[in-house]
Amino acid sequence: HALDDFLEDLLEAGITGIVRMGGRSRNERISEYNLRELARSDKSSPFSRCQNRRFAQLKGEIEEAEKDIVRLERIIRREVGASWWNRIEPHLIDNHRESWEQLRVSSSDIEDGEG
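Keep in mind that this is a model prediction, so the values were computed, not measured.

Student: It is not clear to me how the overall build of the chain should be interpreted in this structure. Could you clarify?
Tutor: Tallying secondary structure elements over the chain gives seven helices and zero strands in all. Ordering the α and β elements of the chain from the N terminus gives α-α-α-α-α-α-α. Nonlocal contacts in the chain, meaning residues at least 24 apart in sequence, comprise 5% of its contacts between residues at least 6 apart. Accessible area for the chain stands at about 9400 Å²; split by element, carbon and sulfur atoms hold 51% of it.

Written out as structure tokens, the structure reads:
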């Protein structure tokens, strides 16, 4: 997992004031920095009960949003097919030009490895 690799690099650099949010890490060294584990192990947690409940609520909302994204990606692939960009790009150009400009990749970007 890229996040775990990044956090592992921080730990190796001596940076230990980190908190990992999200699912459980398979990396034992990182798992001790998981917010849930920190809250369980530290009874003098800086988080109130209300904050812990809010965290759980927000975490649930994030997980539901992630499921929605996966579901919508599947629908788009099924309904629009592999040529989805060719069908969406004209709409973005006409109606959301600023977004299109942020998303487009020029051939020079691809050649330079920046895209």
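Don't stop here, the text continues.
Student: Quick question: what am I supposed to make of the environment of asparagine 34 here?
Tutor: Summarising the element assignment, asparagine 34 is placed in the loop between helix 2 (28-31) and helix 3 (35-41). For asparagine 34, a relative accessible area of 4% translates into the label buried. The sequence separation of asparagine 34 and valine 19 amounts to 15 residues, and the corresponding C-alpha distance is 5.8 Å. Beyond its immediate stretch of four places on either side in the chain, asparagine 34 contacts Arg20, Gly22, Gly23 and Arg24.

Student: How do you make sense of helix 1 (residues 2-12) when you look at a structure like this?
Tutor: Two residues of an α-helix separated by three or four positions point the same way, owing to the 3.6 residues in each turn. Along helix 1, the positions that sit buried rather than exposed are Asp4, Leu7, Glu8, Leu10 and Leu11. The buried residues of helix 1 occupy one face: seen down the axis, they fall within an arc of 160 degrees. Exposed and facing more than 90 degrees away from the buried side of helix 1 are Ala2 and Glu12. Next to the buried residues of helix 1 lie helix 2.

Student: Before we go on, may I ask you to explain the side chain of serine 31 in this structure?
Tutor: Along the chain, serine 31 turns up in helix 2. Residue serine 31 is classed as buried on the basis of its relative accessible area, which comes to 17%. Other than its neighbours up to four places away in sequence, serine 31 contacts Ser25 and Glu37.

Student: Honestly, the side chain of lysine 59 in this entry has me stumped. Any pointers?
Tutor: Along the chain, the position of lysine 59 falls in helix 4 (residues 49-80). Residue contacts for lysine 59: discarding those within four places in its chain leaves Gly22 and Arg36.

Student: What is the right way to read the environment of glutamate 37 from this model?
Tutor: You can see glutamate 37 is positioned in helix 3. Sequence spacing of glutamate 37 and arginine 24 is 13 residues, and the spatial spacing of their C-alpha atoms is 9.1 Å.

Student: Quick question: what am I supposed to make of the pattern of salt bridges here?
Tutor: If the charged atoms of two oppositely charged side chains come close together, the side chains can form a pair. If you walk through the whole model with that rule in mind, you get six salt bridges. One salt bridge connects arginine 29 with glutamate 8, and the closest N-O pair in it is separated by 2.8 Å. Taken together, the residues span a long stretch of sequence, with arginine 29 in helix 2 and glutamate 8 in helix 1 at a distance of 21 residues. Where arginine 71 meets aspartate 68, a salt bridge forms, and the shortest distance between an N and an O atom there is 3.9 Å. Taken together, the positions of arginine 71 and aspartate 68, both in helix 4 and three residues apart, correspond to about one turn of that helix. The partly exposed category is assigned to aspartate 68, whose relative accessible area is 35%.

Cut-offs used in this document
- Residues numbered from 1 in each chain as written.
- Predicted model: local features only at pLDDT ≥ 70, side-chain atom pairs only at ≥ 80, totals over all residues.
- Heavy atoms only, no water.
- Helix = DSSP H or I, 4+ residues; strand = E, 2+ residues; numbered from the N terminus.
- Contact = heavy atoms within 4.5 Å.
- Areas by Shrake-Rupley, 256 points an atom, 1.4 Å probe, with all protein chains shown as cover.
- Buried < 20%, exposed > 50% of the residue type's maximum accessible area, 1.4 Å probe, protein only.
- Arc of directions from axis to C-beta.
- Salt bridge = Lys/Arg side-chain N within 4 Å of Asp/Glu carboxyl O.

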